[in-house]
Amino acid sequence: MDVDISESDPLEDYMQGVGALVDGGSKDIDMSEGGGDGLLAPAGEEASFGDDDAADDPEDALALAAKRLKKKDLVVVDHSKMNYESFKKDFYIEPAELRNLTAEEVDMMRIDLGGVKIRGVDAPKPATS
């Protein structure tokens, strides 16, 4: 297996260019030779990250942020004119284990759970796992 050392390695060319930038060398990197894979911006161009809409002017950036945060205007709906299908608002289904408990057992369960106090009519029984 013969390896031709005379060819320049694109990775080595790229790393040398990066090393020159880090060392404070020239910012002009020739993208046409070896490492022209587009990872670095050519001379005279800045690499941009993020949104292309963002401008360098702080006022433009604030205007763009305000535009993004602006709430959409929703259409006001008159619910008195809408014809909704009626439904029963009884979503809770009591498990059989709780349904079979007596009032005294429920009171003892509330005391055991730290003295749970209830108000209202038809309060659900405490659930245990």
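Predicted model only: the values in this text are computed from it and were never measured.

**Student:** I tried to follow the overall build of the protein chain on my own but got confused; where do I start?
**Tutor:** When helices and strands are tallied, the protein chain shows four helices and zero strands. Secondary structure of the protein chain in N-to-C order comes out as α-α-α-α. When the 129 residues of the protein chain are sorted by exposure, 7% land in the buried category. Contacts spanning at least 24 positions in sequence make up 26% of the contacts within the protein chain whose residues lie at least 6 apart. When the accessible surface of the protein chain is split by element, carbon and sulfur atoms take 54% of a total near 12300 Å².

**Student:** Sorry, what's going on with a nonpolar patch on the surface here?
**Tutor:** Side chains of V77, M82 and Y84 sit close together on the surface and give an oily, nonpolar patch of about 300 Å² of accessible area. Its location among the elements puts Y84 in the loop between α2 (58-69) and α3 (96-99).

**Student:** Looking at this structure, how should I read unusual backbone geometry?
**Tutor:** One can expect most non-glycine residues to show negative phi and most peptide bonds to be in trans. Of note in the backbone geometry, D122 takes a positive phi value of approximately 55° without being a glycine. Topologically, D122 is positioned in the segment after α4 (103-112). The exposed category is assigned to D122, whose relative accessible area is 73%.

What counts as what
- Here, residues in each chain are numbered from 1, in the same order as that chain's written sequence.
- Only residues with pLDDT of 70 or above have their local features reported here, since the model is predicted, and side-chain atom pairs are shown and tallied only from 80 upward, although totals for entire chains, interfaces and linings are computed over all residues.
- Only heavy atoms go into the side-chain values, all of them from the structure, while hydrogens and water stay out.
- Strands here mean DSSP runs of E at least two residues long; helices mean DSSP runs of H or I at least four residues long; both are numbered from the N terminus.
- Each residue is assigned to one of three classes by its accessible area relative to the maximum for its type, calculated with a 1.4 Å probe on protein chains only: buried under 20%, partly exposed between the two thresholds, exposed over 50%.
- Contacts are assigned to residue pairs with any non-hydrogen atoms lying within 4.5 Å of each other.
- Accessible areas in this description were obtained via Shrake-Rupley with a 1.4 Å probe; residue shielding takes into account the shown protein chains only.
- Exposure above 30% relative accessible area and no salt bridge define the residues that can form patches, which grow by joining like charges within 9 Å and nonpolar side chains of Val, Leu, Ile, Met, Phe, Trp and Tyr within 5 Å.
- Salt bridge, as applied in this entry: a Lys or Arg side-chain nitrogen positioned within 4 Å of an Asp or Glu carboxyl oxygen.

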